[in-house]
Structure formats: structure tokens, C-alpha cells
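An overview of the molecular structure
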Amino acid sequence: MESSSLPLHLCRPQKLSAIINRLYFLLYIIALLAHFHYTTCSFLQTTPPSKFHILVFASELLLSLLWLFHQAYLWRPVSRNVFPERLPDNKLLPSIDVFICTADPKKEPPLEVMNTVLSAMALDYPPDKLHVYLSDDASSSVTLQALREACSFSRSWLPFCSKFGIKSRCPKAYFSNLDNDHNNGFADQSLEYDEEREKIKRKYKLFEESIKRAEESAVIKETDCKRAQHNPSIVEVINDADEGTDPQVQTPLLMYVSREKTPFHPHHFKAGALNVLLRVSSIISNSPYILALDCDMYCNDPTSARQAMCFHLDTKISPSLAFVQFPQKFHTVTKSDIYDSHLRTTFMIRCPGMDGLQGPMLSGTGFYMKREALYGNVSQKDLLHLKQSFGTSNEFIVSLQLSNQHNIIDGRTLSKSLQQEAQFLASCTYEEDTPWGKQIGFLYNSMVEDYFTGFLLHCKGWNSVLCNPSRPAFLGTATTKLNDTLVQGTRWNCGLLEVTLSKFCPPIYGLSRMSVLQTMCYGYYALQPLFSLPLWCLATVPQICLLNGIPIYPKVSSSWFLIFASVFVFSLLKHLEEVLITGGSVQTWWNEQRFWMIKSITAYTYGILDTIRKHCGTRQPSFLLTDKVADDEQMRLYQMGKFNFQMSANLLTPLVTVVILNMISFAGGIARMVIQGSWDEMFGQVFLSFYILLVNYPVIDGMTSRKDKARIPPSVALLSLVLSIVFLSLCSMALRFEL
């Protein structure tokens, strides 16, 4: 059989996982219905039912709704294999534009950004069909100079990688790899390899030093001062053809783009930067496919582009395929993973589940997107409608009708007219009175442009696939500080809730445009911030009742207690099963339980509050970059598996308050059980407090035994204690008044 007739990829349903998931759904739904039957009957027998019982029941209903939405991910999981060796010859492969965005040289060090750029330039793909664009929202001269240095270094780095079959094509990752990651096929040339490696290592050291000198000379003060002034658009070809370099060394086109920014125009953060790159690249390289990368997410597998093409070039799925999503993985995550940075549930459970439906969500980085999907159908629009939709640039309008038509002339030099047109496309006013960012390009109606863009693409009938190879295609830098993780989570959840409150609410808008299961998947994420409401209720209300002798759950001696216990145990066991089958451990499962509770009390809660404030007009949209620079002490604590509580008191106080409140209720419940012998009635509530304390042991440790700088400050612990006592006293007074 000829290779051209063989499939480029295979899709295999995970039948065993689907069977287990559906059996679990059946058992759990039976237990859940029995639980609600008991609670409803109890309400009918008590007139009127207690407000506390109603609150707990409402919380359980909301949790059950979110659980039901989550089952859509588990209904039909699939896995995929690709066969890049079956792709057509290089000359028949489509070209790819790589988009990399950076915004702040302080939080995103230029050296790290350049390593990502170099790894993208070194992809195992024809150099003439690869074009790398760096968007610099800080308009930093240091970043521009660093990009020029990276271009110079690439003329040595790329041939070295190609010659010796290097897999880790991010220089920093390669030189820190003790395994000498190169193709074993060159073992007979080990002496030559060693010599070349030492030579390229010396060049990389010079490259590092040149960037550090540029940083020191600029002191990177320009970012802060430029934020308050006008920055004109800059579009520059970095690897010009007339530099006197070896003409036999082919490197991808490298472009620097800094869009125009003024204090008087909204810039829409990352989505706005991507849309500028989309327009500028259209009149320069106009590749039919786009790879989007975060500036710290370097290419770890040089074959990722070929793997993605195994889907995009498959004639059976290509017409409706919008993007190929690779999982986000991180090289800085420790074995303990105390901050759940692996995102294991997202990329190893939910994404394969959505892949069996209409495809995974867009994840913001590490995806190969079809340019046509972002433009929509332009073939049926006349010139007037095209200009109303896409803006007034004639060059850009022409590019809509073409694909892979390069406008670079005289080697790699932009003509003066093309340079001016590119700068016009990067101006801050170009999108005014057009559907850009609303119906065209990357959508910025919320802080989660990736979720929102993917959602509307799926609503329009596009599909997506997940490609999860054994070697991670991309590796990024995970947050190593609790504050950064929770601030990032707050931003995401604020954006998700904004989508929920808009006309694009997934459970409503998506239901008539997607399958029910795909709609449920998007609905789960949109409603995810609501986890905070039942968590707050279950972490406080049963405890208040425990201290005041009010039973919430059935007696241990009652057979109905088994129903309540089974709902709780089934949830824990299902999560444990998911962790174990995806390569995790019991410790991983426990850490994920802990961090889910921490996020619910903090990031989810503040996500809701920020959304309310924005809708009331008391808070302006903001985008806080995650700091990619970690000090030695921060890394030491993270590697030891110790929480770093050097964080905002606003985030820390609610968490500590919940823990102290449960400490008080647990001690009071034990005393009540010993003195009054009410263990039969109160055991469920005592156990709930004990479980919350057990899960949050690092918080207790941070308040009591730790003496380092990253402990919980005594002032926060004292404030939380006062808040807990006041809260419990007010609730007790209200109870006595009601009775």
C-alpha cells in the first residue's frame, strides 16, 4: 500500500474509560436522587424548615448541577495517534506563521522570550515556510535588541540542531539537559558533535551576556514611563538579506511588531496583540496556519508542526477543522505539584472527553489555528462589505482572497509602501467601527479570549482536535508562588463569569448551535466560579449548627446516613481513579483536593466579586501579567512542597478565617459529643470540620509551627480569629432570636 493512501492519524475511543465513567454516573445519580428524596421528605415533615437546612440543600443542588455538567467530559473520551512520516514532501507542506506575545520585560525577561523565539525558529519544518512574529506590547528597545541578537545566534544554532538531530531546540533547555539530547544516529560522529557542542555553547554564553548588557544599560525603566505615553507602531524585518551572512544557512523570517498604543484607546490585552499580528502577517507572509505561543512556552518537540499538519491536511476532517490544540505542560513543576500546575484534570480528563465530541477548547497557547477560521467566510462578500468588516486596508483586503502569497521582495526587505501599510494595520484606531475582536479574529469580549474564541468557533460549526504526544510539544514556566496562581485564577474566573452573564452564556447561546454534551462542557467552565458559593456554605453553616446543637445530617445509626456518605465517598473515589489512570499518585490526588478547596474560597470568590464590581462600574478591566522571575527562596520553598503565604491579605484572610472557624467548631463539636453524648446526631458535622482541617493542614502549619518569611503573618491570623469569633457570635445571636 502506498504511503499516500495511509491515514495521517488515528482516533481511538477509550472504551474502558467510557464504561467506567457511565457506571459511575449511574451509581452516583441513584445515590444523589435518594439523598434529595430524604432531604425533601425531611422538609415536608418540618414546618417551616430551618433556614440553615435550606442553605445547605441549595448548596448541594448547585454542586449537583456542576457535577452533572462535568459528566459531559467523561461520556466519550478519545485518544489520537499521528504519523508525520506519511506527510507529503516539504515543498507540498503549507506555510505557518508563529505568533509570540510579550508585554513586560521586567516580568517576562528578554532572554527567556528569545529562547522561545529560537525554539520556534528551529522547528523541524521547511525554513522558507516558517515565519516568526514577535509582538512587543512594551515597545522595549531591550526586547528589539535581544531579537536582533537572537537572529544572529540562530544562524549558528539552527544548522547545529538540524545537523545533529537535536530534540530540545530551546538553547537554555538544551544546555541544561544532562542527557546530551541528540540523535543516536550520529553516535559515530561523537567527536565532531562534542566539538560543535562546545563551540555553540560558547556562542550561547556570548548571546546571554549581550542581552544582559542591554538590560543593564537600559535598566528596563522604559516600560513604566511608556505606559503613560503614545507608542507608535513599529514593524521591522529582523533577518535582512544584506547582512553578509552565509547564503546557504536558511532561517525562517523573523519579524518584530510593536502595535500603536495610547492611553485613550483600549488595547484588549493579548487578544488585541494577536489581532494586530493576524493583520500584519496577512500582508507579509499570509500563511494559512498560525501557531500561537506564550513568550515562556518554548517548543520542546521540533516535530509539533508536522504533527499538527497530520490533522490539517487530512481531507476528511480538514474542511471543518479550526485548530489543533496541544496540552499546556510545564518544566518547572515539582513532583509534589502543590499548586496543581500540571492542570492534569483539564488536559488529561476534560480535553480528551471534549475531543470525542466536537473538540477541545482553545487554550491560549500551543495551538495551530487555520487562518480562515478566524476570518469567517469572505468569499460571498463584496468589496464594500469586506472593508466594513476588515477595515480599509486595500493590501489586507487583497490578502483575504489569497493564501500563502508572500509580499516580501528583494530577499527579505519590505518595500516602503508595504512598511507603511503594516504600521497602519498595527495602529490603535484601525479596528474602530469594525467587527474586529467581536466577530472576527481573536475575541476580546472578556478576559478569557481563548475560551471565548474557541466557544464561538464551535458555535459556528468548526471542530478542533487534541494532539497529546508522549514528548510534550511545548513546555512553559509554571507559577511557583501561591499569590501568582490565585491572582491568575481570579482573572480567569472573572472572565468566565463575564461570558456567563453576557448574551453568549454557553448553556443558553450554545444549546441551539452545538450538541448538548459540548454545550455542557462549555457550561461547566462558565459556571465554575459558582463553586465558591456552596463551598462557603458547607464550610460555615454546618459548623454554626454544630456549635449550637442543630443536626444537619441523618444520624449515623440511620440507614440514610449511608446514602449521604456514599455521595461523598463516590466523589473522592472517582477523582482518585482519574488521578491514578493518568499517572498520578495518592499524594497528587490529595494535593488536588486541597488546591481545589483553596481556589474555591479565594480565586473563585474574588472572580465573582470582581465581575459584580465591573458590572456596577466600580472596577476597570485590568490584566496582571504572571511574573516569570522567581527568586531563590521562592523556588526553594516550592521544591520542598511548602506553601508560600507571602501574598495579598485580601486573598489570605478568607482562607485563614475558614480554617479557624472550622478549628473552633471541631473543638466545640468534640466537646459536645463527649459531654452530651450526641455523637450519633453530630458525627457528620464533626467529620466535615475534621476533613476541612485535614485538607488545609498547610494553612494550620503556616499559622502555628512555621517561622520562615513565607509563613502566615500573625496579623492575618489574628484578624481571621477575630472575624471568626464575631461571625459565630452574630450567628448564635440570630439563632437565639429566631428561636
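What counts as what
Residues numbered from 1 in each chain as written. Predicted model: local features only at pLDDT ≥ 70, side-chain atom pairs only at ≥ 80, totals over all residues. Heavy atoms only, no water. UniProt positions renumbered as here; feature names shortened; annotations may be inferred. Pairing = 2+ DSSP bridges. Helix = DSSP H or I, 4+ residues; strand = E, 2+ residues; numbered from the N terminus. Buried < 20%, exposed > 50% of the residue type's maximum accessible area, 1.4 Å probe, protein only. Axes fitted to C-alpha atoms, helices over the stretch in contact; angles between N-to-C directions. Parallel < 35°, antiparallel > 145°, perpendicular 65-115°, else oblique. Contact = heavy atoms within 4.5 Å. Nonpolar A, V, L, I, M, F, W, Y, C, P; charged D, E, K, R; others polar. Salt bridge = Lys/Arg side-chain N within 4 Å of Asp/Glu carboxyl O. Phe/Tyr/Trp six-rings, centres within 6.5 Å; stacked < 30°, edge-to-face > 60°. Lys NZ or Arg CZ within 6 Å of the ring centre and 35° of its normal.

Per an unreviewed UniProt entry, the recorded name for the protein chain is Cellulose synthase-like protein G2, and the organism is Dipteronia dyeriana. In UniProt, the protein chain has this text filed under Subcellular location (unreviewed entry): "Endomembrane system".

On to the sheet that holds strand S8 (residues 298-299), then. Two modes of strand pairing occur in sheets, parallel and antiparallel, and in both the strands are linked by backbone hydrogen bonds. Read from one edge of the open sheet, three strands run S8-S13-S10, paired in mixed fashion. With partners counted over all chains shown, the strands left at the sheet margins are S8 and strand S10 (329-330), one partner each.

Looking now at unusual backbone geometry. Despite not being glycine, Asp337 has its phi angle at roughly 45°, a positive value. Tracing the chain through its elements places Asp337 in the loop between S10 and helix H10 (344-355). Of note in this structure, Leu343 is not a glycine but carries a positive phi near 50°. Examined against the element boundaries, Leu343 turns out to sit in the loop between S10 and H10. Residue class for Leu343 comes out partly exposed when judged on its relative accessible area of 22%.

Contact pair H10 / helix H18 (residues 516-527): the axes reach a minimum separation of 10 Å and the direction vectors enclose 150°. Taken together, the axis directions place H10 and H18 in an arrangement best described as roughly antiparallel. Taken together, the residues of H18 that come into contact with H10 (itself represented by Thr346, Arg350 and Met354) are Gln518, Cys521, Tyr522, Tyr524 and Tyr525. Across the contact of H10 with H18, the residue classes break down as five nonpolar, two polar and one charged.

On to the UniProt feature "binding site: Mn(2+)" (unreviewed entry) in the protein chain, then. The UniProt entry lists Lys270 and Asp294 under the feature "binding site: Mn(2+)" (unreviewed entry), expressed in the numbering used here. Taken together, the annotated residues stretch across 25 residues yet fold into one region, lying no more than 9.7 Å apart by C-alpha. The exposure class of Lys270 is buried, given its relative accessible area of 17%. Ignoring anything within four residues of it in the chain, the contact list for Lys270 reads Asp294, Gly364 and Glu449. If you trace the backbone, Asp294 turns up in strand S7 (residues 289-294). With residues near it in sequence (within four places) discarded, Asp294 still touches Ile100, Thr116, Lys270, Gly364 and Thr365.

On to the pattern of salt bridges, then. Per the counting criterion, the structure on display carries 16 salt bridges. Close ionic contact of Arg706 with Asp708 constitutes a salt bridge, the shortest N to O distance being 2.9 Å. One network of salt bridges, in which partners are shared, links Lys574, Glu577 and Glu578.

Here we take up the environment of Pro319. Following the sequence through the fold, Pro319 ends up in the loop between helix H9 (304-312) and strand S9 (321-325). Pro319 sits 165 residues away from Ser154 along the chain, and the two C-alpha atoms are 36 Å apart. With residues near it in sequence (within four places) discarded, Pro319 still touches Lys370 and Trp462.

The subject of this paragraph is the packing of aromatic side chains. Any pair of aromatic rings gets described here by the distance separating the centres and the angle formed by the planes. Applying the stated criterion across every chain, the model contains 57 aromatic pairs. The interplanar angle of 85° and the centroid separation of 6.1 Å between the aromatic rings of Phe25 and Trp75 together place this pair among those described as edge-to-face. Residue Phe25 is found in helix H1 (residues 15-45), and its partner Trp75 is found in the loop between helix H2 (51-70) and strand S2 (78-82); the two are separated by 50 residues along the sequence. The exposure class assigned to Phe25 is partly exposed, which follows from its relative accessible area of 23%. Judged by centre distance (5.8 Å) and plane angle (90°), the rings of Tyr73 and Tyr524 are edge-to-face. You can see Tyr73 sitting in the loop between H2 and S2 and its partner Tyr524 sitting in helix H18, a full 451 residues away along the chain. A relative accessible area of 0% places Tyr73 in the buried class. The exposure class assigned to Tyr524 is buried, which follows from its relative accessible area of 5%. Here a set of aromatic residues connected by ring pairs shows up, and it is made of Phe153, Trp157, Phe160, Phe164, Tyr174, Phe175, Tyr193, Tyr204 and Phe207. Here the guanidinium or amino end of Arg22 rests over the ring plane of Trp75, the centre of that ring lying 4.4 Å away. Over the ring of Tyr73 we find Arg350, and its NZ or CZ is 5.8 Å from the ring centre.

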